[in-house]
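Fold and contact review
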Amino acid sequence: VSQSRYIKDYRVADDGDIERDFKYLKKFDLVGIDTESVGGKLYCWTYSIEDHRARLAWPEQARIAGRLIQEKRPRVAMHYHPADIGKLKYNGLEVPPERITDTMELCYTVGFMSKRHEQGLKWLALRLLGMEMDSFEDVVKPWNMWRVQEWITRLQSELAATWFCSGLDDTFDIVTGK
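Okay, so let's go over this structure. Position numbers for residues start from 1 in each chain and track the written sequence from start to end. A pLDDT threshold of at least 70 governs which residues receive local features in this predicted model, and a stricter bar of 80 or more applies before side-chain atom pairs are shown or counted, although totals over entire chains, interfaces and linings include all residues. Values shown for side chains rest on all heavy atoms present in the structure; no hydrogens or waters enter the calculation.

Secondary structure is summarised from DSSP: a helix means a run of H or I of at least four residues, a strand means a run of E of at least two, and numbering begins at the N terminus for each. Along the polypeptide, Glu105 turns up in helix α4 (residues 103-109). Only protein chains enter the accessibility calculation, which uses a 1.4 Å probe; a residue is then buried when its area is under 20% of its type maximum, exposed when over 50%, and partly exposed in between. Here Glu105 falls in the partly exposed class, since its relative accessible area comes to 48%. Along the backbone, Glu105 and His81 are 24 residues apart, and their C-alpha atoms lie at a distance of 8.9 Å.

In structure tokens, the structure reads:
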């Protein structure tokens, strides 16, 4: 059964969402966490605490979840955790190693993965659960465009302020820049 048959609740988390979502976790609850990086740096991270509901969060929000994970100590599922834990820890979300369940490691241990099998999470979700996962581009791109537009607007404001405060006199020619 493809997950596309279900209502999906996927959006960008604000700080209050993260606080509410992680606040009531218990020791035996499971949180799925994944990261996306650009140039080796954490670009965003996603989490899910229930079926068909996930949140995208930015690196600066990791500390909120990190504090609550240390306090509540839920189990955390990751697919190939060595790729994620360092970036999360650097941004304030440290997961105790004994609380990590690594889906890639589990599949390899039970003999489901080998050199002849793909090792990606999308392939495993399809083969083991019959779920077609959405691509990174499909779920992050709409929110990414908003973040890029926000950055451009902030940059324009900073440039305008710098230009205005630079002591330019009335003889400045906007066409030639002199």
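It is worth spelling out the sheet that holds strand β4 (residues 53-57) at this point. Following DSSP output, two strands are said to pair if at least two bridges run between them. In space, the six strands of this open sheet follow the order β1-β4-β3-β2-β5-β6, with mixed pairing throughout. Because the sheet does not close on itself, it has two edges, and the strands there are β1 (9-12) and β6 (100-102). Going across the sheet, the axis of each strand differs from the next one's by a mean of 25°, ignoring polarity. Where β1 and β4 come together, four bridges link them in parallel fashion. For Asp9, the partnering residue across the bridge sits in β4 and is Arg53. Strands β1, β2 (30-38), β3 (41-50) and β4 of the sheet are contacted by helix α1 (residues 15-23), whose axis makes an angle of about 45° with β3. Between N-to-C directions, angles cover 0 to 180 degrees, with each direction set by a line fitted to C-alpha atoms, over the stretch in contact for helices. What makes two residues a contact is simply this: any of their non-hydrogen atoms within 4.5 Å.

Our next topic: the packing of aromatic side chains. Any two rings among Phe, Tyr and Trp, with Trp reduced to its six-membered ring, count as a pair given centres within 6.5 Å; such a pair is stacked if its planes are under 30 degrees apart, edge-to-face if over 60, and tilted if neither. Using the criterion set out here, one finds three aromatic pairs in the structure. Centre to centre, the rings of Tyr43 and Trp58 are 5.7 Å apart; their planes meet at 85°, and the pair counts as edge-to-face. Here Trp58 lies in the loop between β4 and α2 (62-72) and Tyr43 lies in strand β3, a separation of 15 residues in the sequence. Residue Tyr43 is classed as partly exposed on the basis of its relative accessible area of 23%. Joined through ring pairs, the aromatic side chains of Phe22, Trp45 and Tyr47 make up one cluster.

The next subject is the nonpolar core. Ranked by internal contacts, the top residues of the largest apolar core, which has 21 residues, are Ile18, Phe22, Ile33, Trp45, Tyr47, Leu88 and Leu93. Per-element accounting of this core gives the leading share, five residues, to α2. When sequence neighbours within four positions are dropped, the list of residues in contact with Ile18 reads Ala13, Trp45, Tyr47, Ala57, Gln61, Ile64, Ala65 and Leu68. We define the nonpolar core as a collection of buried residues of types Ala, Val, Leu, Ile, Met, Phe, Trp, Tyr and Cys that are connected through side-chain atoms lying within 4.5 Å of one another.

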